[in-house]
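This is what each chain is made of:
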Amino acid sequence: MNLILLGAQGSGKGTLAKNISRDFGLVQISTGDLFRESIAKKEKLGLKAKEYMNRGELVPIELTLKILNERISKPDCKKGFILDGFPRSIEQAEALKEVANIDYVINVELPYEECVARLTTRRTCPNCGDIDNMTYEGYTGNCRKCGTPLFQRDDDKPEAIKTRLEVYEKTTTPLINFYSDRLFKVSSLGTPEDTYRPVKDFLSNLGRKK
Ligand code: ADP
Ligand code: ZN
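Reference entry: report on the structure contained in this document. Just so it is clear, the structure is predicted and the values come from calculations on it, not from any experiment.

1. Details of the site of ligand 1
Link 1 in the chain: The immediate surroundings of ligand 1 are formed by 18 residues, with Thr31, Arg36, Glu57, Arg88 and Arg164 found nearest.
Link 2 in the chain: One nitrogen or oxygen atom from the main chain of valine 59 is found 3.0 Å from a nitrogen atom belonging to ligand 1.
Link 3 in the chain: Taking arginine 153, its side chain carries an N or O atom lying 3.1 Å from an oxygen atom of ligand 1.
Link 4 in the chain: Considered on its own, ligand 1 offers 530 Å² of accessible surface; in the complex 96% of this is hidden by protein.
Link 5 in the chain: For the shell around ligand 1, the class distribution of residues is five nonpolar, six polar and seven charged.

Below, the structure is given as structure tokens:
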């Protein structure tokens, strides 16, 4: 089974992807994480992508397809995958058709103001990529998984947040119609568990086909 997760920045899409990946044995593919890994390794592709990312703009499609196709063609993806952060435009969705079949698209819904609020207080682990939020109970400023001090991503600063959400609204939301024949919608206003429950029920009732 291959899935796409749609949802604005701060909608809790990444957290939902982790839950699905764990319970359904699907590989989570986050193009943002792939770019950040490439930057950390000082690869050419990553360094080219970085300037766009820091501004909160989409990375050009050639670079994005290159990093996605490399990942998707690895053997572990044969058991199924969840795309988290790809596609983000109709152009990317059309390109995806050439390399994979998508069974379902899950759209995570959260109002704009709530997305901004969550992104502003979001903190990330530079070591393992885990995400935390300053407003969550038990927040210490250190990673809950590996203890490393958390940091604020450059693109989680106010100017980039605004750009990212605008790009999402304009370029990515048309995908909701594009995938209307295989769409499952969920609100992320509650806790991460509240968001996951209906999705888990939906996917479980498919009888884990494929
Ligand atoms: P967010 O969804 O919170 O913006 P991501 O980690 O998914 O964070 O992405 C970070 C940045 O990486 C994006 O702002 C963009 O610059 C780049 N990026 C990720 N996925 C794509 C994509 N599918 N197309 C173009 N750029 C992308
Ligand atoms: Zn960590």
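The structure having been displayed, the exposition proceeds.
2. A look at the sheet that holds strand β3 (residues 81-84)
Link 1 in the chain: Read across the sheet, five strands follow the order β2-β3-β1-β4-β7 without closing on themselves; strand pairing throughout is parallel. Since the sheet does not close on itself, it has two edges, and those belong to β2 (27-30) and β7 (183-187), each with one partner. The average undirected angle you get between the axes of adjacent strands in this sheet is 20 degrees.
Link 2 in the chain: The pairing of strand β4 (residues 104-109) with β7 spans five bridges and is classified as parallel. Residue pairing for β7: glutamate 109 is matched across the bridge by serine 187.
Link 3 in the chain: Relative to strand β1 (residues 2-7), helix α1 (residues 13-24) is tilted by about 160 degrees, and along the sheet it contacts β1, β2, β3 and β4.
Link 4 in the chain: Of the strands in this sheet, β2 and β3 touch helix α2 (residues 31-40), which is tilted by about 70 degrees from β2.

3. Here's the deal with unusual backbone geometry
Link 1 in the chain: The linkage connecting phenylalanine 86 with the following residue, proline 87, adopts the cis geometry, with an omega of -5 degrees.
Link 2 in the chain: On the secondary structure map, proline 87 appears in the loop between β3 and α5 (90-97).

4. So, the nonpolar core
Link 1 in the chain: Residues Ile4, Ile29, Phe81, Leu83 and Leu96 are the most contacted members of the largest nonpolar core, which totals 33 residues.
Link 2 in the chain: Looking at this core, the element that brings in the most residues is helix α4 (residues 61-72), giving four residues.
Link 3 in the chain: The residues contacting isoleucine 4, other than those within four sequence positions of it, are Leu83, Phe86, Pro87, Leu96, Ile102, Tyr104, Val105, Ile106 and Tyr179.
Link 4 in the chain: Of all hydrophobic cores here, the second largest spans 18 residues; its members include Met1, Leu3, Phe24 and Val186.

5. Quick notes on the environment of leucine 63
Link 1 in the chain: Tracing the backbone through its elements, the reader meets leucine 63 in helix α4.
Link 2 in the chain: Taking relative accessible area as the criterion, leucine 63 reaches 13% and is therefore assigned buried.
Link 3 in the chain: A C-alpha to C-alpha distance of 7.5 Å links leucine 63 and alanine 49, two positions 14 residues apart in sequence.
Link 4 in the chain: Apart from the residues lying within four places of it in its own chain, the contact partners of leucine 63 are Phe35, Leu45, Lys48 and Ala49.

Conventions used here
- Residues numbered from 1 in each chain as written.
- Chains lettered and ligands numbered in written order.
- Predicted model: local features only at pLDDT ≥ 70, side-chain atom pairs only at ≥ 80, totals over all residues.
- Heavy atoms only, no water.
- Near = heavy atom within 4 Å.
- Polar contact = N/O pair within 3.5 Å; in protein donor to acceptor, adjacent residues only side chain to side chain.
- Areas by Shrake-Rupley, 256 points an atom, 1.4 Å probe, with all protein chains shown as cover.
- Nonpolar A, V, L, I, M, F, W, Y, C, P; charged D, E, K, R; others polar.
- Pairing = 2+ DSSP bridges.
- Helix = DSSP H or I, 4+ residues; strand = E, 2+ residues; numbered from the N terminus.
- Axes fitted to C-alpha atoms, helices over the stretch in contact; angles between N-to-C directions.
- Contact = heavy atoms within 4.5 Å.
- Core = buried A, V, L, I, M, F, W, Y, C linked by side-chain atoms within 4.5 Å.
- Buried < 20%, exposed > 50% of the residue type's maximum accessible area, 1.4 Å probe, protein only.

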